[in-house]
Amino acid sequence: MQQDFINKNFFRLMMFTLVLGVIFYDLFNMAGFSYIDEICAFLLFILFGINVLRSKNWAFDKIFLLILGIFLFYLVYSLYIGSNSPRAILMDFVIQIKPYLAFFCVYSMRPVLNANQKKILRQLAILFSLYLLLIGTGDLFIKDLMLNILSHTSRFATATSILALLYLYFSDYTKRDKLIFILLLSIGLFSGRSKLFGFLALCTLIMLYINKSFEMKFNIKNTLFLLFAIIVTAVVAKDKIELYFITGGFGGGREVEDLYARMALYYFSVRIFRDYIPFGSGFASYATYASGEYYSPIYTKYSMERMYGLTKASPSFIADTYYPALAQFGLVGLFLFFLFWYYLTHKAIISFRKGCQKEAVIAIIIIAFFLIESISDATLTHNRGFFMMTLLGLIFSDIKYKLNTTPPEKVK
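Below is a short write-up of the structure.

Here is what the cut-offs are and how they apply
- Residues numbered from 1 in each chain as written.
- Predicted model: local features only at pLDDT ≥ 70, side-chain atom pairs only at ≥ 80, totals over all residues.
- Heavy atoms only, no water.
- Helix = DSSP H or I, 4+ residues; strand = E, 2+ residues; numbered from the N terminus.
- Contact = heavy atoms within 4.5 Å.
- Areas by Shrake-Rupley, 256 points an atom, 1.4 Å probe, with all protein chains shown as cover.
- Core = buried A, V, L, I, M, F, W, Y, C linked by side-chain atoms within 4.5 Å.
- Buried < 20%, exposed > 50% of the residue type's maximum accessible area, 1.4 Å probe, protein only.
- Phe/Tyr/Trp six-rings, centres within 6.5 Å; stacked < 30°, edge-to-face > 60°.
- Axes fitted to C-alpha atoms, helices over the stretch in contact; angles between N-to-C directions.
- Parallel < 35°, antiparallel > 145°, perpendicular 65-115°, else oblique.
- Nonpolar A, V, L, I, M, F, W, Y, C, P; charged D, E, K, R; others polar.
- Expected span 1.5 Å × (residues − 1).
- Salt bridge = Lys/Arg side-chain N within 4 Å of Asp/Glu carboxyl O.

Each helix and strand counted, the chain has 18 helices and zero strands in total. Sequence-distant contacts in the chain: of pairs separated by 6 or more residues, those separated by 24 or more amount to 74%. Accessible surface computed for the chain: about 19500 Å², of which carbon and sulfur atoms make up 67%.

This is how it looks when you write it as structure tokens:
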């Protein structure tokens, strides 16, 4: 009975998060209501709490406890060194831990969706993909249509990635489903984001070439299809490719200003890593939303307070990337961050070889998504990152369930 309660309410929460926390999030945010992802996170944590209280032994995943311990250590450390005001530190603590809570809460609850629920999610993925396709094509004829609905082109790209992966995971994982996945993902090309170009090429490569032994398998048909996909993608994303790789960003407009601010954040993060060995500058000190909202003294210390987009009056580009924010956690935090993703990748590859091909491949794609996104966006700590981490938690939960309940030779 308890598991049925978790299954039903997790499905409802996933629907709620998808609709309001991903697809229509920006419309609510632009209307002044910006707490939907916090509400989704709170509801998920409540559901997790109910699951723990109703269980016989109050079992927690050991890695979950370790992650909590690490974040609590950094919270105390940040308060001790006074990296910012206590309010700013607590805000950043909540923002930074939220994606990991999403992953481990779902992983610990181990919800199982039935065939009808999976079908509904597949249908919603296609329906909302068509909605985004209309926005993408409409943006070609109506100036700033995408920006007016989704506030930024990156939101469009990440939304299409989520919907494509959602469809693929709840599909039968046939060749037809893989093709539909690539087509749904390619809708994101309307955003013109260079990251989507790379992500689409990577996903196409994985879909075509990874065989059952997790080895690359090449043939003429797949290679020609991949080349076609790369050429089409390059044509659509040619302006961004020229901006980043040919002109080096020397042009004009907001994207170039964004690029300069991002380069500055990377440059000074190296100095912070060096100056704050081994645990970093602390929560709310650098390259995060809280460090801009409660303007961190770090920016003045390193003479960044006059750089466009990084000023106290206009800190719009401070949280525009994620990797520089790891300077808050120092070399120890940098190591732990990549160790976490390596641990998940290792588990995915092992499960692939034990028969969970679909789950493992999609898990690896999501991990690659975050590693790519973190180069020039803080998606991991945003609303769409929260949903993607929820999906990743469900995937690893399904892997654990399958491997524990089904003989290895029968796992599909």
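Let us look at the environment of phenylalanine 352. Tracing the backbone shows phenylalanine 352 in helix H16 (residues 330-353). Sequence separation of phenylalanine 352 and isoleucine 399 is 47 residues, and the distance between their C-alpha atoms is 9.3 Å.

Another point: the nonpolar core. Core analysis: the largest hydrophobic core is formed by 122 residues, its most contacted members being Met14, Leu18, Phe181, Tyr286 and Trp341. Setting aside residues no more than four positions away along its own chain, phenylalanine 181 makes contact with Ala164, Leu165, Leu168, Cys203, Met207 and Ile365.

Moving on, we get to the side chain of threonine 390. Note that threonine 390 resides in helix H18 (residues 383-405). Apart from residues lying up to four places away in sequence, threonine 390 is in contact with Phe10, Leu44, Ala102 and Val106.

Before going further, it helps to spend a moment on the packing of aromatic side chains. As enumerated under the stated definition, the model contains 39 aromatic pairs in all. Ring geometry for phenylalanine 64 against phenylalanine 104: centres 5.2 Å apart, planes inclined by 10 degrees, an arrangement best described as stacked. One end of the pair, phenylalanine 64, is in helix H4 (residues 62-81); the other, phenylalanine 104, is in helix H5 (residues 86-109), with 40 residues separating them in the sequence. You can call phenylalanine 64 buried: its relative accessible area is 2%. With a centroid separation of 6.2 Å and 75 degrees between ring planes, the pair formed by phenylalanine 337 and tryptophan 341 is classed as edge-to-face. One end of the pair, phenylalanine 337, and the other, tryptophan 341, are both in helix H16, four residues apart, so they sit about a helical turn from each other. Each member of the pair, phenylalanine 337 as well as tryptophan 341, is classed as buried.

For the bond running from isoleucine 277 to proline 278, omega is 0 degrees, close enough to zero to count as cis. Topologically, proline 278 is positioned in the loop between helix H13 (254-275) and helix H14 (289-293).

We now examine the packing of helix H8 (residues 153-169) against helix H17 (residues 357-373). How two helices pack is summed up by the angle between their axes together with the distance between the axes. Orientation of H8 relative to H17, taken along the N-to-C sense of each, is 170 degrees, at an axis distance of 11 Å. Overall, the two elements H8 and H17 adopt an arrangement that is roughly antiparallel. The segment H8 lies against H17, with Thr158, Ser161, Leu165, Leu168 and Tyr169 engaging Lys358, Glu359, Ile362, Ile365, Ile366, Phe369 and Glu373. Of the residues that constitute the contact of H8 with H17, the class distribution is seven nonpolar, two polar and three charged.

What follows covers the environment of glutamate 305. Within the fold, glutamate 305 resides in the loop between helix H15 (297-301) and H16. Sequence spacing of glutamate 305 and tyrosine 295 is ten residues, and the spatial spacing of their C-alpha atoms is 9.4 Å. Setting aside residues up to four positions removed in sequence, glutamate 305 forms contacts with Tyr295, Tyr299, Thr300, Leu310, Thr311 and Lys312.

With twelve residues, helix H9 (residues 175-186) ought to run about 16 Å at 1.5 Å a step, and its terminal C-alpha atoms sit 17 Å apart, in line with that. For H9, the full list of buried residues reads Asp177, Ile180, Phe181, Ile182, Leu184 and Leu185. Residues of H9 that are buried sit in contact with helix H6 (115-139), H8, helix H10 (194-209) and H17.

Turning next to the pattern of salt bridges. For the coordinates displayed, the defined rule picks out nine salt bridges. Note that lysine 98 is salt-bridged to glutamate 38, the shortest N-O span being 3.8 Å. Highlighted residues: lysine 98 in helix H5 and glutamate 38 in helix H3 (residues 36-54), separated in sequence by 60 residues. When its relative accessible area of 35% is taken as the criterion, glutamate 38 is described as partly exposed. Residues aspartate 320 and arginine 262 are paired through a salt bridge, measuring 3.2 Å at the closest nitrogen-oxygen approach. Of this pair, aspartate 320 sits in the loop between H15 and H16 while arginine 262 sits in helix H13; the two residues are 58 residues apart in sequence, bridging distant segments of the chain. Grouping residues by exposure puts aspartate 320 and arginine 262 together as buried. When salt bridges with common partners are traced through the structure, they connect Asp26, Arg155 and Arg384 into a single cluster.

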